[in-house]
Amino acid sequence: MTDRREELARNLARVEERITAACTAAGRERAEVTLVVVTKTYPADDVLILGELGVRQVAENRDQEAAPKAAATTAAPLTWHFVGQLQTNKVRSVLGYASVVQSVDRGRLVTALSREAVRTGQEVTCLIQVALDADESGRGARGGVGPQGVPELADLLADAEGLRLGGLMTVAPLTGPYAGRQREAFGRLMDLSTALRADHPAANMVSAGMSGDLEEAVAAGATHVRVGSAVLGVRPRLG
Ligand SMILES: *Cc1c(COP(=O)(O)O)cnc(C)c1O
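Residues numbered from 1 in each chain as written. Predicted model: local features only at pLDDT ≥ 70, side-chain atom pairs only at ≥ 80, totals over all residues. Heavy atoms only, no water.

By the definition in use, this model includes one aromatic pair. Note on Trp80 and Tyr97: the rings are 6.4 Å apart at their centroids and 85 degrees apart in plane angle, and the pair reads as edge-to-face. Of this pair, Trp80 sits in strand S3 (residues 79-82) while Tyr97 is found in the loop between helix H4 (91-94) and strand S4 (98-104), placing the two residues 17 residues apart along the sequence. (Phe/Tyr/Trp six-rings, centres within 6.5 Å; stacked < 30°, edge-to-face > 60°. Helix = DSSP H or I, 4+ residues; strand = E, 2+ residues; numbered from the N terminus.)

Next up, the structure:
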């Protein structure tokens, strides 16, 4: 094995142990939580190694970086998630590789995603990104819709051709009342998920938790954790 392969294998094993321990502590089955590895700022070669090591779900947050990376790794059996702020003019490119969009946060994006999904004959799983730091405008600093905007967006998504309403996603806020309180933030997301499922029972995906707080997310009930630096290493710059 190359050094990098060994490093990634070791990191993956450590993350796997953390997820398993968090599941055990929460009385959950390991199979209830899916690991999505966020590969932003890391090269396509790393993605290929991850595929060889058994990773099947990967995520990126910028189309500019993700599109060529996905194109260079088509040999690996990967499902690509898009987790970043998404402009409608990037939708066509993003749906060229991603089958899951975790960052849907406005009606215009639903319209654009639906049109492109229909045009290309695919079904795209969409999660609503919830901003727990939303201001009066109802938007979060890093994208996302405020909790009060979720039901309307959920109905739009559920009715949109070519799209499947998968559930909810959040990033623990750096500002506002939930700053530094991951447990409370993820608990709030779970409450919103419970409310969502009352109207849309199949929308049971809950994407929460990153390298620093995956334990809190699993404890709260997350079905998907998005882990970057704990697998690939600390990023040289904010990505
Ligand atoms: C970068 C990123 C992650 C992963 O963050 P780490 O702290 O590196 O694990 C998760 N979710 C989103 C939306 C991201 O942009």
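Here we come to the site of the ligand. Every residue lining the ligand is accounted for by Val38, Lys40, Asn61, Val83, Met210, Ser211, Arg226, Val227, Gly228, Ser229 and Arg235. Contact distances for the ligand include 2.8 Å between an oxygen atom and a backbone N or O atom of Gly228. About the coverage of the ligand: the protein hides 89% of its 390 Å² of free accessible area. Looking at side-chain class alone, the shell around the ligand contains four nonpolar, four polar and three charged residues. (Near = heavy atom within 4 Å. Polar contact = N/O pair within 3.5 Å; in protein donor to acceptor, adjacent residues only side chain to side chain. Areas by Shrake-Rupley, 256 points an atom, 1.4 Å probe, with all protein chains shown as cover. Nonpolar A, V, L, I, M, F, W, Y, C, P; charged D, E, K, R; others polar.)

Turning our attention to the side chain of Glu60. Relative to the helices and strands, Glu60 is located in strand S2 (residues 57-60). Overall, the relative accessible area of 0% leaves Glu60 in the buried class. Those residues in contact with Glu60 that lie beyond four places of it in its chain are Thr39, Lys40, Glu65, Ala66, Lys69, Trp80, His81, Phe82, Val83 and Gly84. (Buried < 20%, exposed > 50% of the residue type's maximum accessible area, 1.4 Å probe, protein only. Contact = heavy atoms within 4.5 Å.)

Moving on to the UniProt feature "modified residue: N6-(pyridoxal phosphate)lysine" (unreviewed entry) in the chain. When the UniProt feature table is mapped onto this chain numbering, "modified residue: N6-(pyridoxal phosphate)lysine" (unreviewed entry) sits at Lys40. Inspection of the secondary structure assignment puts Lys40 in the loop between strand S1 (34-38) and helix H2 (44-52). (UniProt positions renumbered as here; feature names shortened; annotations may be inferred.)

Core analysis: the biggest nonpolar cluster contains 67 residues, and Val101, Leu113, Ile128, Leu163 and Val225 have the highest contact counts within it. With residues up to four places along the chain from it excluded, the contact list for Ile128 reads Gln102, Val104, Val145, Val150, Leu153, Ala154, Leu157, Leu165, Gly167, Leu168 and Met169. Formed by seven residues, the second largest nonpolar core is a distinct cluster that contains Val36, Ala59, Leu127 and Met169. (Core = buried A, V, L, I, M, F, W, Y, C linked by side-chain atoms within 4.5 Å.)

Relative to the helices and strands, Asn89 is located in the loop between S3 and H4. Residues Asn89 and Ala117 lie 28 residues apart in sequence; the distance between their C-alpha atoms is 14 Å.

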